[in-house]
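Here's the letter readout for the chains.
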Amino acid sequence: MKKFNPNKNIIITLIIVILVVTVLSVTIAKRAVGNSTNIVQSTVNDTMAIVDKVITAPIRWIEDGANSVKNLFVTFEENERLKEKLDSYDELAQSNENYQREIDALKEELALNETLTNYDKITANVINRSPDTWQDMLIVDQGTKDGVEINMAVMSQKGLIGRVIEVNAASSKVELLTSENQNSNHFPVRISGEDGENFGILSSYDQKEKSLVITQLTGSSTLKEGDVVQTSGLGGNSPADLAIGTVVSTTKDEFGLDTKVYVKPYAQMYDIQAVTIIKRLAGDE
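Rules behind the numbers
Residues numbered from 1 in each chain as written. Predicted model: local features only at pLDDT ≥ 70, side-chain atom pairs only at ≥ 80, totals over all residues. Heavy atoms only, no water. Helix = DSSP H or I, 4+ residues; strand = E, 2+ residues; numbered from the N terminus. Contact = heavy atoms within 4.5 Å. Core = buried A, V, L, I, M, F, W, Y, C linked by side-chain atoms within 4.5 Å. Buried < 20%, exposed > 50% of the residue type's maximum accessible area, 1.4 Å probe, protein only. Salt bridge = Lys/Arg side-chain N within 4 Å of Asp/Glu carboxyl O. Pairing = 2+ DSSP bridges. Axes fitted to C-alpha atoms, helices over the stretch in contact; angles between N-to-C directions. Phe/Tyr/Trp six-rings, centres within 6.5 Å; stacked < 30°, edge-to-face > 60°. Lys NZ or Arg CZ within 6 Å of the ring centre and 35° of its normal.

S.K.: Would you mind showing me how to read the side chain of Ser221 here?
M.R.: By secondary structure assignment, the location of Ser221 is in the loop between strand E8 (211-218) and strand E9 (228-231). Among residues more than four places away in sequence, those in contact with Ser221 are Asp195, Gly196, Glu197 and Asn198.

S.K.: I'm lost on the nonpolar core in this one. Help?
M.R.: Side chains of a nonpolar character, in soluble globular proteins, are inclined to be buried together. Leu160, Ile161, Leu202, Ile214, Val229, Val275 and Ile277 are the most contacted members of the largest nonpolar core, which has 37 residues in total. The biggest single contributor to this core is strand E4 (residues 159-167), with four residues. Setting aside chain neighbours within four positions, we find Leu160 in contact with Ala153, Val154, Met155, Leu177, Phe187, Thr231, Leu242, Ala243, Ile244, Ala267 and Met269.

S.K.: Please clarify how the pattern of salt bridges should be interpreted in this entry.
M.R.: Pairing between side chains of opposite charge can happen when the charged atoms of each approach one another. Scanning the model with the defined rule gives five salt bridges in all. One salt bridge connects Glu166 with Lys173, and the closest N-O pair in it is separated by 3.6 Å. The partly exposed category is assigned to Glu166, whose relative accessible area is 34%. In this structure Lys173 comes out as partly exposed when scored by relative accessible area, which is 22%. The closest approach of N and O atoms between Glu197 and Arg190, which form a salt bridge, is 3.5 Å. Owing to a relative accessible area of 11%, Arg190 belongs among the buried residues under this scheme.

S.K.: What is the right way to look at the sheet that holds strand E10 (residues 243-252) in this model?
M.R.: Backbone-to-backbone hydrogen bonds pair the strands of a sheet. The strands run either parallel or antiparallel. In spatial order, the strands read E6-E7-E8-E11-E10-E9; together these six strands close into a barrel with antiparallel pairing. Strand-to-strand twist of the sheet, defined as the mean angle between neighbouring strand axes without regard to direction, takes the value 45°.

S.K.: Looking at this model, I keep getting lost on the pairing of strand E11 (residues 259-265). Mind explaining?
M.R.: The two faces of the sheet receive side chains in turn, since in a regular strand these alternate between them. In terms of burial, E11 is largely enclosed, as five of its seven residues are buried. Pairing of E8 with E11 involves three bridges; the strand directions are antiparallel. Note that in E11 the partner of Ile214 across the bridge is Val261. Both E10 and E11 contribute to a ladder of seven bridges, which runs antiparallel. Across the sheet, Thr251 pairs through a bridge with Lys260, a residue of E11.

S.K.: Sorry if this is basic, but what is going on with the packing of aromatic side chains here?
M.R.: Both the distance between ring centres and the angle between the ring planes are used here to describe each pair of aromatic rings. For the structure on display, the rule yields zero aromatic pairs. Sitting above the plane of the Phe187 ring, Arg163 keeps its charged end 3.8 Å from the centroid.

S.K.: Please clarify how unusual backbone geometry should be interpreted in this entry.
M.R.: With the exception of glycine, the majority of residues adopt a negative phi angle, and the majority of peptide bonds are in the trans configuration. In this model, Gln157 sits at a positive phi of 60°, which is unusual for a non-glycine residue. Structurally, the position occupied by Gln157 is in the loop between strand E3 (153-156) and E4. According to the relative accessible area criterion, Gln157 is buried, its value standing at 11%. Of note, the phi angle at Lys210 is positive, near 55°, even though the residue is not glycine.

See below:
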């Protein structure tokens with residue numbers, strides 16, 4: 001059996017190392033002299049490149065994965081911050097819109113008050129309107145301490161919307177003209193046109209036609225579309241000449257005896273922010 005000689009292996013290893021170093025030295029020296037590469041240099045370079053790729057590829061893959069996960073978390077955090085800013089912007093925009101609606105409502109009441117110079121009046125804000133009684137009534141923030149009394153007429157925007165039916169110290173309840181309460185204290189009205197005047201009672205609201213309805217009509221004047229409807233002041237519960245709306249059509253009742261007059265109100269009854277309560281004619285006590 002051949003005996004293993006470690007010295008011989010060491011000598012062979014050293015020779016190989018010396019040859020490699022020599023080849024590299026020669027290659028580098030030739031490269032410094034000229035631009036062309038020989039087969040040995042190319043082989044060494046390609047081998048080193050392949051080894052570098054094999055060794056570094058997993059490391060780069062791990063680094064790329066880690067960077068992707070990091071970027072994903074950064075993007076998620078940025079999206080959350082943007083969502084918060086967007087929510088804040090939406091809230092601010094809605095708040096500004098609500099403020100603008102209140103300002104517009106107050107401007108309308110101011111314009112209305114300027115047309116009611118012959119009356120003592122009280123401006124009030126709507127503080128409650130229940131969905132269950134939306135068509136019937138609303139609550140305002142003025143009461144007996146402000147001079148409000150039962151049966152006072154209430155206006156909004158450009159026309160009559162109802163009357164006060166209940167008064168507390170700091171609030172009042174207003175029954176709207178759109179109420180279905182058949183026992184409400186209806187307004188006596190006057191219809192003025194080119195042919196003269198007619199009188200009647202503002203008795204109900206037609207939900208389908210979106211119109212107020214006048215019944216118990218008296219007078220011989222021919223009614224036309226666009227004739228102006230105002231309070232007549234008859235009965236003493238409300239002052240005269242408060243604007244209500246204009247005539248849109250007329251029809252006979254189911255028995256053919258009474259004429260029903262449909263009136264488009266000046267004031268819309270759905271979005272009411274502020275109202276004007278008519279106390280009395282200016283100077284009256």
